[in-house]
Amino acid sequence: NLSGGERSFTTLAFELSMWEFMETPFRVLDEFDVFMDDTYRKIAVDALLELTSTQQHRQFIFLTPQDMHPFLKGRANPPHVIKMKDVR
């Protein structure tokens, strides 16, 4: 059996492969990294950001309850990140 993080990572890989066959102007992922540990999250975020840089004619929206800033440090063209206020 796969762990929750492994299932999330496998699902993300499947979705990325499906995107190769769909011609939509935007791509949206919601809570794609919820069960991933930091290692899988880094690999996933790196893959997603590489994809966004090669497909600049599309708009990408990634929703996550996780903090993305540790994975964006040192990037030449970091994406625009909107962080909502904590509800507590």
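So, here is what we can say about the structure in this document. What you are looking at is a predicted structure, and each value in this text was computed from that prediction instead of being measured.

As a rule of thumb, soluble globular proteins bury nonpolar side chains together. With 15 residues, the main nonpolar core has Leu12, Leu16, Trp19, Leu29, Phe32, Val45 and Leu48 as its most contacted residues. Mapped by element, the contributors of at least two residues to this core are helix H1 (4–19), helix H2 (38–54) and helix H3 (69–72). The biggest single contributor to this core is H2, with five residues. Excluding anything up to four places from it in sequence, Leu29 contacts Leu12, Glu15, Trp19, Leu48, Ile61, Phe62 and Leu63.

Two elements, strand S1 (residues 26–30) and strand S2 (residues 59–63), share five bridges in a ladder whose sense is parallel. Considered in S2, the bridge of Val28 is made with Ile61. Handedness of the crossover joining S1 and S2 through H2: right-handed.

For Glu31, which is not glycine, the phi dihedral falls at a positive 50°. Within the secondary structure, Glu31 is located in the loop between S1 and H2.

Here Asp33 is to be found in the loop between S1 and H2. Reaching out from Asp33, the side chain makes a polar contact with the side chain of Arg41 at a distance of 2.9 Å. Residues within four places of Asp33 in sequence aside, it is in contact with Arg41, Thr64, Gln66 and Met68.

So, how was this worked out
Residues numbered from 1 in each chain as written. Predicted model: local features only at pLDDT ≥ 70, side-chain atom pairs only at ≥ 80, totals over all residues. Heavy atoms only, no water. Core = buried A, V, L, I, M, F, W, Y, C linked by side-chain atoms within 4.5 Å. Buried < 20%, exposed > 50% of the residue type's maximum accessible area, 1.4 Å probe, protein only. Helix = DSSP H or I, 4+ residues; strand = E, 2+ residues; numbered from the N terminus. Contact = heavy atoms within 4.5 Å. Pairing = 2+ DSSP bridges. Right-handed = clockwise from strand over helix to strand, strands pointing away. Polar contact = N/O pair within 3.5 Å; in protein donor to acceptor, adjacent residues only side chain to side chain.

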